[in-house]
Amino acid sequence: MVKVGFIGTGGFTRHHVNILSELDNVHVVGFVGSSQKKADAFAQQYPEASGYDSLEVMITREQLDAVYICVPPMGHENYEEILIEHNIPFLVEKPLGVKEETVREIKQKVKDTNHLTSVGYHFRYADIIATFKELLKEQKVGAVSGKWMGSMPGVYWWKNQEQSGGQFNEQTTHIVDLIRYLFGEIQSVYAQEVNAVTAKADPSVTVADVGLFILTLENGLIVQISNTSVMPDGLGDVGIQVYTDTSMIEWKMGHLEMKKVDKVERFIAKKNPYLSESKAFIHAVETGDRSKILSDYEEGWRSFKVALAAEKSVTEKRAVPISEIVE
Ligand SMILES: NC(=O)c1ccc[n+]([C@@H]2O[C@H](COP(=O)([O-])OP(=O)(O)OC[C@H]3O[C@@H](n4cnc5c(N)ncnc54)[C@H](O)[C@@H]3O)[C@@H](O)[C@H]2O)c1
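What counts, and where the lines are drawn
Residues numbered from 1 in each chain as written. Predicted model: local features only at pLDDT ≥ 70, side-chain atom pairs only at ≥ 80, totals over all residues. Heavy atoms only, no water. Helix = DSSP H or I, 4+ residues; strand = E, 2+ residues; numbered from the N terminus. Contact = heavy atoms within 4.5 Å. Polar contact = N/O pair within 3.5 Å; in protein donor to acceptor, adjacent residues only side chain to side chain. Axes fitted to C-alpha atoms, helices over the stretch in contact; angles between N-to-C directions. Parallel < 35°, antiparallel > 145°, perpendicular 65-115°, else oblique. Nonpolar A, V, L, I, M, F, W, Y, C, P; charged D, E, K, R; others polar. Near = heavy atom within 4 Å. Areas by Shrake-Rupley, 256 points an atom, 1.4 Å probe, with all protein chains shown as cover. 1 Å grid on protein atoms, 1.4 Å probe; cavity = no way out; pocket = protein on both sides within 12 Å on 5 of 7 lines; lining within 4 Å. Sits in = over half its atoms within 2 Å of the grid points. Buried < 20%, exposed > 50% of the residue type's maximum accessible area, 1.4 Å probe, protein only. Salt bridge = Lys/Arg side-chain N within 4 Å of Asp/Glu carboxyl O. Core = buried A, V, L, I, M, F, W, Y, C linked by side-chain atoms within 4.5 Å. Pairing = 2+ DSSP bridges. Right-handed = clockwise from strand over helix to strand, strands pointing away. Points joined across faces, edges and corners; volume = space filled by probe spheres on them.

Trainee: Looking at this model, I keep getting lost on the environment of Lys-94. Mind explaining?
Mentor: Among the secondary structure elements, Lys-94 is positioned in the loop between β5 (90-92) and α5 (100-113). Residues Lys-94 and Glu-105, spaced 11 residues apart in sequence, show a C-alpha to C-alpha distance of 17 Å. If near-sequence neighbours (up to four positions away) are discounted, Lys-94 is found in contact with Val-119, Gly-120, Tyr-121, Glu-170, Thr-173 and His-174. A polar atom in the side chain of Lys-94 sits 2.8 Å from the backbone oxygen of Glu-170.

What follows is the structure, given as structure tokens:
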């Protein structure tokens, strides 16, 4: 039985606990919250788990095999360092944080200790993303565009630039990560962002709510990404479009479509990528075989670096090479 602890008692901890309940070999034993009260209230819903206000105490009391870190970008404290010191593998939700130095230091410690990690870029595990990758092998890619168009999540920290790092770091990072996964490493970013709507209604909003980004890849491809968080809940448009020498391909969360001159092929997602992500991580914890993990901390760092470069580009109003972000 793999004993798992969680850090964070919010929406995504609940989501992962539900996913893990589908695995017979996993036992969720504890939750670390931002206070003992919150942790206890959350743990009460799971009779076999306890609440803690400190990761160290959870480590002392429970025989942990792995930990899921599901805290907001500004709330990572020194959790990763503690887990590395205690040799406890972790799955950490994207994005890796907001502070460049902190994430870089963790990346280095993970590397030095060969620590077992996974980062929550779950789209990589989608069956239709595997199909997308296969389809691209047969075609010459011309133009690529990606988008994350939605509403502003209701959690208090998201609208605050210092706490979340903004839309590009928080959500559009999934698109950036898929661009890297499907098309190759990014060389530079040119970004423009504005707050067009939401700050006028709520002065505590400090993130941009509209952004346009041009990514130049190391292989010469140019990719355009756009995002917004101005729409009402319930409206959304997230996806990637590719125009090749033989087709137009469009990926949206649940399906993939390839149009050729004489035919259209549609692929519907059949597997839950979050379940595949957890299966790969738990398998690695049990066996030491990391081959099924599609995004480890080093990979997550590479996607995080693109967000750092985009932020720099907005401030300095120029295209920023990723190489300016120190390794
Ligand atoms: N991969 C995905 O599809 C996906 C989807 C949603 C959220 N996420 C990510 O999951 C993470 C958490 O998001 P959420 O939706 O659960 O947010 P949330 O606000 O619902 O929950 C965050 C929880 O962390 C707790 N917390 C905050 N600071 C803490 C600290 N220092 N120590 C311990 N606990 C602390 C809060 O009290 C809260 O319980 C974010 O990084 C988010 O981007 C990923």
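Trainee: Please clarify how the packing of helix α1 (residues 11-20) against helix α11 (residues 273-287) should be interpreted in this entry.
Mentor: When two helices pack together, their arrangement is given by the angle between their axes and by how far apart the axes lie. At a minimum axis separation of 10 Å, α1 and α11 run at an interaxial angle of 75°. With respect to α11, the axis of α1 lies roughly perpendicular. Facing Phe-12, His-15, His-16, Ile-19 and Leu-20 of α1, the residues of α11 in contact are Tyr-274, Leu-275, Glu-277, Ser-278 and Ile-282. Of the residues in the contact of α1 with α11, the class split is six nonpolar, three polar and one charged.

Trainee: What's the story with the site of the ligand in this structure? I'm lost.
Mentor: In the region of the ligand, 24 residues are neighbours, and Phe-12, Lys-38, Tyr-79, Glu-170 and Tyr-274 sit closest. Note that an oxygen atom of the ligand is positioned 2.8 Å from one of the side-chain N or O atoms of Trp-157. At a separation of 2.6 Å, an oxygen atom of the ligand approaches a polar side-chain atom of Glu-170. Relative to its unbound accessible surface of 840 Å², the ligand loses 86% to contact with the protein. Taking a 2 Å distance to the grid points as the criterion, the majority of the atoms of the ligand fall inside the largest pocket. Counted by class, the shell around the ligand contains nine nonpolar, 10 polar and five charged residues.

Trainee: For this particular structure, what's the right way to read helix α9 (residues 173-183)?
Mentor: Because each turn of an α-helix spans 3.6 residues, side chains separated by three or four positions end up pointing in the same direction. Counted residue by residue, α9 has 11 buried out of 11 residues, so it is predominantly covered. Buried within α9 are the following residues: Thr-173, His-174, Ile-175, Val-176, Asp-177, Leu-178, Ile-179, Arg-180, Tyr-181, Leu-182 and Phe-183. Downstream of α9 by a residue or two, Gly-184 has a phi angle that is positive, lying close to 125°.

Trainee: Looking at this structure, I do not really get the pattern of salt bridges. What am I missing?
Mentor: Side chains carrying opposite charge are able to pair once their charged atoms draw close together. Scanning the model with the defined rule gives 21 salt bridges in all. Each member of the salt-bridge network shares a partner with another, and the members are Arg-124, Asp-177, Arg-180, Glu-185, Glu-298, Glu-299 and Arg-302.

Trainee: Is there a simple way to think about the nonpolar core in this case?
Mentor: Generally speaking, soluble globular proteins have nonpolar side chains that are buried together. Core analysis: the largest hydrophobic core is formed by 68 residues, its most contacted members being Phe-132, Ile-179, Phe-183, Ile-240 and Trp-251. Not counting residues within four places of it along the chain, the set of residues in contact with Phe-132 comprises Leu-182, Phe-183, Ile-240, Val-242, Ile-249, Trp-251 and Leu-256. Membership of the second largest hydrophobic core comes to 28 residues, among which are Leu-23, Ala-49, Leu-91 and Tyr-125.

Trainee: How do you make sense of the packing of helix α6 (residues 127-137) against α9 when you look at a structure like this?
Mentor: In contact at an axis separation of 10 Å, α6 and α9 are set at 45° when each is read in the N-to-C sense. Of the possible angle classes, the one that applies to α6 and α9 is oblique. Contacts between α6 and α9 involve Ile-129, Phe-132, Lys-133 and Leu-136 on the former and, on the latter, Leu-178, Tyr-181, Leu-182 and Phe-183.

Trainee: What exactly am I supposed to notice about the pairing of strand β4 (residues 66-69) here?
Mentor: Burial of the side chains of β4 extends over both faces: Ala-66 and Tyr-68 are buried on one face and Val-67 and Ile-69 on the other. Both strand β1 (residues 2-7) and β4 contribute to a ladder of four bridges, which runs parallel. Of the residues in β4, the one forming a bridge with Val-4 is Ala-66. Viewed along the sheet, the connection from β4 through helix α4 (residues 79-85) into β5 turns out right-handed.

Trainee: What is the right way to read the sheet that holds β4 from this model?
Mentor: Strands in a sheet are paired, the pairing made by backbone hydrogen bonds, and the direction either parallel or antiparallel. Read across the sheet, six strands follow the order β3-β2-β1-β4-β5-β6 without closing on themselves; strand pairing throughout is parallel. One side of each edge strand has no neighbouring strand; the edge strands of this open sheet are β3 (50-52) and β6 (117-119). When strand polarity is set aside, the average angle formed by the axes of neighbouring strands in this sheet is 25°. Here α1 sits on the sheet in contact with β1, β2 (26-32), β4 and β5, set at roughly 165° to β1.

Trainee: Whenever I open this one, the layout of surface pockets confuses me. Can you help?
Mentor: Take a probe with the size of a water molecule and roll it over the atoms, and the empty space left behind shows itself. Here the largest pocket defines a volume of roughly 910 Å³. Along its surface, the largest pocket is lined by 36 residues, and Phe-12, Cys-70, Val-71, Pro-72 and Trp-157 are the ones closest to its centre. Broken down by element, the residue count for the lining of the largest pocket peaks at three residues, all from α1. Looking at the lining of the largest pocket, its residues break down into 19 nonpolar, 12 polar and five charged.

Trainee: Would you explain unusual backbone geometry in this entry?
Mentor: Peptide bonds are mostly trans, and most non-glycine residues show a negative phi. Looking along the chain, the bond that leaves Lys-94 and enters Pro-95 is cis, with omega of -15°. Take Pro-95: it is sitting in the loop between β5 and α5. Phi at Asn-87 takes a positive value of approximately 55°, unusual for a residue other than glycine. Secondary-structure assignment places Asn-87 in the loop between α4 and β5.

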